[in-house]
2 protein chains.
Amino acid sequence: MYVILVYDVGEKRVGKMLKLCRQYLNWIQNSVFEGEITSVKLKELLKKAKRLMDMDNDSIIVFKSRDIKWLEKEIIGLEKNPLDTML
Amino acid sequence: MYVILVYDVGEKRVGKMLKLCRQYLNWIQNSVFEGEITSVKLKELLKKAKRLMDMDNDSIIVFKSRDIKWLEKEIIGLEKNPLDTML
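Here's a quick rundown of the structure. Being a predicted model, the structure only gives us computed values, none of them experimental.

Attention now goes to the relation of the copies chain A and chain B. When chain A is fitted onto chain B, the two copies agree to an RMSD of 0.0 Å after a turn of 180 degrees and an axial shift of 0.0 Å. Both copies of the chain, as the preceding transformation shows, are related through a two-fold rotation axis. For chain A, the residue whose C-alpha comes nearest the rotation axis is Trp70(A), separated from it by 3.6 Å. Most of the interface of chain A is mirrored in chain B, where 100% of its interface residues again form contacts.

Take a look at the structure:
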């Protein structure tokens, strides 16, 4: 499946969260990641993320699309991290 | 269509961008918005956004899904802005 992951975590935890998410998905901007991932790998990522998070204040939102072709991507302005796999 | 919009703009422009995007979409977290929107309204939003942006340094990414039912949303931790229309 293709996912878009956005996180909103406390300043102290941003570095670790960025490092973790980079192991599974492509960083595209700010606290936003996208990429192809299996449900097993996504579960693994989210389990590790929960260990980093302050569950009362931090937030991760994952948008899942069963197939990359059901998502169209438009970029305005600077493309912060050009992916080689363009949607 | 259903869209997820994320922006990464300079500090001085964040306030205006937030205000603009709020007129068209639902704020959910950080610089992330989602919602149902027509292509005409999306064009209008992006046209106004471009006028606010420094096109060499700022960035907006829009993920478009033809139908909300092709997108599944998972929230971990705090839901910053609970939408009444849950995916």
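For Glu34(A), the location among the structural elements is in strand S3 (residues 32-36). In terms of polar contacts, Glu34(A) uses its side chain to reach the side chain of Lys73(A), at 2.3 Å.

Moving on, we come to the sheet that holds strand S4 (residues 59-65) of chain B. In sheet architecture, strand pairing relies on hydrogen bonds along the backbone and comes in two forms, parallel and antiparallel. Taking strand neighbours across the sheet as the criterion, the five strands line up as S5(A)-S4(B)-S1(B)-S3(B)-S2(B) in an open arrangement whose pairing is antiparallel. Strands with a single pairing partner mark the edges of an open sheet, and in this sheet they are strand S5 (71-77) of chain A together with strand S2 (26-29) of chain B. Strand after strand, the sheet turns through a mean of 25 degrees between neighbouring axes, direction not considered. Where strand S1 (residues 2-8) of chain B and strand S3 (residues 32-36) of chain B come together, five bridges link them in antiparallel fashion. Each bridged residue has a counterpart across the sheet, and for Ile4(B) the counterpart in S3(B) is Glu34(B). Sheet strands in contact with helix H1 (residues 11-22) of chain B are S1, S2, S3 and S4 of chain B, and its direction is about 170 degrees off that of S1(B). The strands that helix H2 (residues 39-52) of chain B touches are S5 of chain A together with S1 and S4 of chain B; relative to S4(B), the one it contacts most, it runs at about 175 degrees.

With that settled, consider the sheet that holds strand S2 (residues 26-29) of chain A. Spatial strand order, S2(A)-S3(A)-S1(A)-S4(A)-S5(B): five strands in an open sheet with antiparallel pairing. Both edges of this open sheet fall to S2 of chain A together with strand S5 (71-77) of chain B, since each of them pairs with a single strand only. When strand polarity is set aside, the average angle formed by the axes of neighbouring strands in this sheet is 25 degrees. Bridge count between strand S1 (residues 2-8) of chain A and strand S4 (residues 59-65) of chain A: seven bridges; the pairing is antiparallel. Bridge pairing in S4(A) places Tyr2(A) opposite Ser65(A). With respect to the sheet, helix H1 (residues 11-22) of chain A is in contact with S1, S2, S3 and S4 of chain A, its orientation differing from that of S1(A) by roughly 170 degrees.

Analysis parameters
- Residues numbered from 1 in each chain as written.
- Chains lettered and ligands numbered in written order.
- Predicted model: local features only at pLDDT ≥ 70, side-chain atom pairs only at ≥ 80, totals over all residues.
- Heavy atoms only, no water.
- Least-squares fit on C-alpha atoms with pLDDT ≥ 70 in both.
- Contact = heavy atoms within 4.5 Å.
- Helix = DSSP H or I, 4+ residues; strand = E, 2+ residues; numbered from the N terminus.
- Polar contact = N/O pair within 3.5 Å; in protein donor to acceptor, adjacent residues only side chain to side chain.
- Pairing = 2+ DSSP bridges.
- Axes fitted to C-alpha atoms, helices over the stretch in contact; angles between N-to-C directions.

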